[in-house]
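Each chain, letter by letter, is given below.
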Amino acid sequence: DALPPARLHVLVHTIDDWRPRDWLDALGEAAPLLRGFHWCTGPNRYPIFNPSFYGSKPTDNYYNKVFMILGLVQRHGYEYIVSIDDDVLLPPWTLARLISSGLPGDNLNCGVVSPLLQNGVPSVEMFSEFWLNEEERQGLFRCFAASSARFCDLFQSAYCAEGAEELPHVSQVLREVSRLSPPSPWSAEAWYRQVAEVPMEARGLHPVRGNA
């Protein structure tokens, strides 16, 4: 598929990531796509989009980027946006199809089009149902069932930083998360019922994100 007219905006929150020359080199002949770099550390620059939420998380890196995207859409008059983490690698034809999905999505009354990632939550179960045979799927589910739910031992999180547990909100999240237990045999429905009881910002937890 041919790439439709598009512009690339890079959102960064550390000085080490501010490397426009490296991006231009990596883009090669596609370098004209690069529209700009945008600093997302510190206070959220667009509290007007959701003042109450800004009050509860005024410096959150993730939400700063979400609000920045909305600001860019408003400033440049974009009709569709595609948000991609720099650690999610898609082949060119998949990326082109995703970028081209806005109008077809509109025609199907879809507000959001999302790739079916093998390590997404909750797309991992949909991925396994669609792409894996029964033996492969059951092997994956056995791995999930035998996984640890001690997520602070498995990947970096703001909740797991030294001293974070002393913060009242964080200590509550950790108490709730500590109750999680992967069902055996694996049942996505049972797992998501458990996760529905933990605080909102922790509901992306899943054995596929730790798998140990």
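Refer to the structure presented above.
Throughout what follows, the structure given in this document is the object of discussion. (Residues numbered from 1 in each chain as written. Predicted model: local features only at pLDDT ≥ 70, side-chain atom pairs only at ≥ 80, totals over all residues. Heavy atoms only, no water.)

Comments concerning the overall build of the protein
Within the protein one finds nine helices and two strands. Its helices and strands taken in sequence order, the protein reads β-α-β-α-α-α-α-α-α-α-α from the N to the C terminus. Considering the protein as a whole, with its 212 residues, one finds that 25% of them fall into the buried category. Put simply, 50% of the contacts in the protein that link residues at least 6 apart link residues at least 24 apart. Surface exposure of the protein reaches about 14400 Å², of which carbon and sulfur atoms provide 55%. (Helix = DSSP H or I, 4+ residues; strand = E, 2+ residues; numbered from the N terminus. Buried < 20%, exposed > 50% of the residue type's maximum accessible area, 1.4 Å probe, protein only. Contact = heavy atoms within 4.5 Å. Areas by Shrake-Rupley, 256 points an atom, 1.4 Å probe, with all protein chains shown as cover.)

Some points on empty space enclosed by the protein
Taken as a whole and assessed by the stated rule, the structure comprises one cavity of 30 Å³ or more. Space inside the largest cavity adds up to approximately 40 Å³. In terms of lining residues, the largest cavity is bounded by Trp39, Cys40, Pro43, Asn44, Arg45, Tyr46, Asn64 and Met68. Tallied by class, the residues present in the lining of the largest cavity amount to five nonpolar, two polar and one charged. (1 Å grid on protein atoms, 1.4 Å probe; cavity = no way out; pocket = protein on both sides within 12 Å on 5 of 7 lines; lining within 4 Å. Points joined across faces, edges and corners; volume = space filled by probe spheres on them. Nonpolar A, V, L, I, M, F, W, Y, C, P; charged D, E, K, R; others polar.)

Some remarks on the packing of aromatic side chains
Under the criterion given, the structure shown has 10 aromatic pairs. Judged by centre distance (4.9 Å) and plane angle (75°), the rings of Phe130 and Trp131 are edge-to-face. The pair Phe130 / Trp131 is uniform in exposure class, with both members exposed. Between Trp186 and Trp191, the ring centres sit 5.9 Å apart and the planes meet at 35°, which makes this aromatic pair tilted. Pair check on accessibility: Trp186 and Trp191 agree, each one buried. Ring pairs connect the aromatic residues Trp18, Trp23, Phe37 and Trp39, which therefore count as one cluster. (Phe/Tyr/Trp six-rings, centres within 6.5 Å; stacked < 30°, edge-to-face > 60°.)

A word on a negative patch on the surface
Where like charges cluster on the molecular surface, the negative patch consists of Asp16, Asp17, Asp85, Asp86 and Asp87. Within the secondary structure, Asp86 sits in the loop between α3 (61-76) and α4 (92-99). (Patch = residues over 30% accessible without salt bridge, like charges linked within 9 Å, V, L, I, M, F, W, Y side chains within 5 Å. Salt bridge = Lys/Arg side-chain N within 4 Å of Asp/Glu carboxyl O. Lys, Arg positive; Asp, Glu negative; His and termini not counted. Charge placed at Lys NZ, Arg CZ, Asp CG, Glu CD.)

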